[in-house]
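# Tertiary structure, described
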Amino acid sequence: MIRVFLLALVALAALLLVATHLPYQPPAPRTAQEISEEAEGSPEAGPFARWDGVWEGTLTTRRPDGTIVQTAKLRQEHTTISPAEQKINVKDRGAGGGAVISKHVHREVGDQLECEVTDPNGARRILGGNLSGSAIFWHRRDPATRAEESYREEILRLPGGDLYTLDGFRVDPSGESLIYEGRYRRVESQPR
């Protein structure tokens, strides 16, 4: 028994000697995608953590027959304020280098989600949402004006990097129907 104990002490001393003489290698810098993937796996990160960061891409607006109404190059900056709240600035990259076209606040309110959208003219609307798998569904119906809108947002993990998808429709008070298709890629941002 004493031999086993002495042998364990010698092994521990050898291990300590080897460990103290190994060269130090600082951890490699992590990308925004790696940070997002880590946050996504953390329950205390909240439902919006995977969107954190800067995304650039296009938003195409179509009529129901497929006719393109508009294609905009957008930059979305998602900043998590707390596990239950995230702020988003949506900028038009083609409008003089970054005119803000809307501001969003995503909130977790109890077991429901809420998206408050503020347009540049100050008009506000609130969409209710819920998480289904890895997608968030947003919806709003205004019975007074008969306006309705619904969107599905999801991040797809692809070999070339994350793809943030947004698909939806909107019926304006005038009765015009529009279909939205957004595709965005994560942009590595500079440390703050």
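First, a word on scope: everything that follows refers to the structure included in this document. Predicted model, so just to flag it, every value in this text is computed and none were measured.

### Some details on the environment of glutamate 149
Checked against the element boundaries, glutamate 149 lands in strand E8 (residues 147-158). Taking the C-alpha atoms as reference points, glutamate 149 and leucine 178, separated by 29 residues in sequence, lie 9.3 Å from one another. When neighbours within four sequence positions are excluded, glutamate 149 is seen to be in contact with Arg125, Leu127, Trp138, His139, Arg140, Phe169 and Arg170. A distance of 2.8 Å separates polar atoms of two side chains, one belonging to glutamate 149 and the other to arginine 125. A distance of 2.8 Å separates a polar atom in the side chain of glutamate 149 from a polar atom in the side chain of arginine 140.

### Brief notes about the packing of aromatic side chains
Ring pairs (aromatic) are described by centroid distance and by the angle formed between their planes. Taken as a whole and judged by the stated rule, the model has four aromatic pairs. On the numbers, 5.2 Å between centres and 45° between planes, the contact of tyrosine 164 with tyrosine 184 is tilted. In this pair, tyrosine 164 sits in strand E9 (residues 161-171) while tyrosine 184 sits in strand E10 (residues 177-187), placing the two residues 20 residues apart along the sequence. Comparing tyrosine 164 with tyrosine 184, the two get one shared label, buried. Within the aromatic cluster, the residues linked to one another by ring pairs are Trp51, Trp55, Tyr164 and Tyr184.

### Observations regarding the pattern of salt bridges
Tallied over the full model, the rule gives 17 salt bridges. Put simply, glutamate 149 and arginine 125 hold a salt bridge, and the shortest N to O gap is 2.8 Å. Separated by 24 residues along the polypeptide, glutamate 149 in strand E8 and arginine 125 in strand E6 (residues 124-132) bring together distant segments of the chain. Classification of glutamate 149 as buried rests on a relative accessible area of 0%. In this structure, aspartate 172 engages arginine 170 in a salt bridge whose closest nitrogen and oxygen atoms are separated by 3.2 Å.

### Here we look at the environment of proline 143
Examined against the element boundaries, proline 143 turns out to sit in the loop between strand E7 (135-142) and E8. Distance from proline 143 to proline 173, taken between C-alpha atoms, is 9.8 Å for residues 30 residues apart in sequence.

### Observations regarding the sheet that holds E8
Pairing in this closed barrel of ten strands is antiparallel, and the strands run E1-E2-E3-E4-E5-E6-E7-E8-E9-E10 around the ring. Pairwise comparison of adjacent strand axes, ignoring direction, gives a mean angle of 25° for this sheet. Across ten bridges, strand E1 (residues 53-62) lies against strand E2 (residues 68-82) in antiparallel orientation. Residue threonine 60 lies in a different strand from E2, and its bridge partner there is threonine 71.

### With respect to the environment of glycine 53
Looking at where glycine 53 falls in the secondary structure, it is placed in strand E1. For glycine 53, a relative accessible area of 18% gives the class buried. Separated by 26 residues in sequence, glycine 53 and threonine 79 place their C-alpha atoms 6.5 Å apart. Discounting residues that sit within four places of it in the chain, glycine 53 has contacts with Gln76, Glu77, His78 and Arg186.

### Structural notes on the pairing of strand E3 (residues 85-92)
Only one face of E3 is covered, namely the face carrying Gln86, Ile88, Val90 and Asp92; the face carrying Glu85, Lys87, Asn89 and Lys91 is uncovered. Between E2 and E3, which pair antiparallel in sequence order, lie two residues. Judged from the eight bridges that link them, E3 and strand E4 (residues 99-109) form a sheet pairing that is antiparallel. Looking at E4, one finds that glutamate 85 is bridged to arginine 107.

### Quick look at the pairing of E9
Note that E8 and E9 share eleven bridges and pair antiparallel. Note that in E9 the partner of glutamate 153 across the bridge is leucine 166. From the end of E8 to the start of E9, which pair antiparallel, there are two residues.

Calculation notes
- Residues numbered from 1 in each chain as written.
- Predicted model: local features only at pLDDT ≥ 70, side-chain atom pairs only at ≥ 80, totals over all residues.
- Heavy atoms only, no water.
- Helix = DSSP H or I, 4+ residues; strand = E, 2+ residues; numbered from the N terminus.
- Contact = heavy atoms within 4.5 Å.
- Polar contact = N/O pair within 3.5 Å; in protein donor to acceptor, adjacent residues only side chain to side chain.
- Phe/Tyr/Trp six-rings, centres within 6.5 Å; stacked < 30°, edge-to-face > 60°.
- Buried < 20%, exposed > 50% of the residue type's maximum accessible area, 1.4 Å probe, protein only.
- Salt bridge = Lys/Arg side-chain N within 4 Å of Asp/Glu carboxyl O.
- Pairing = 2+ DSSP bridges.
- Axes fitted to C-alpha atoms, helices over the stretch in contact; angles between N-to-C directions.

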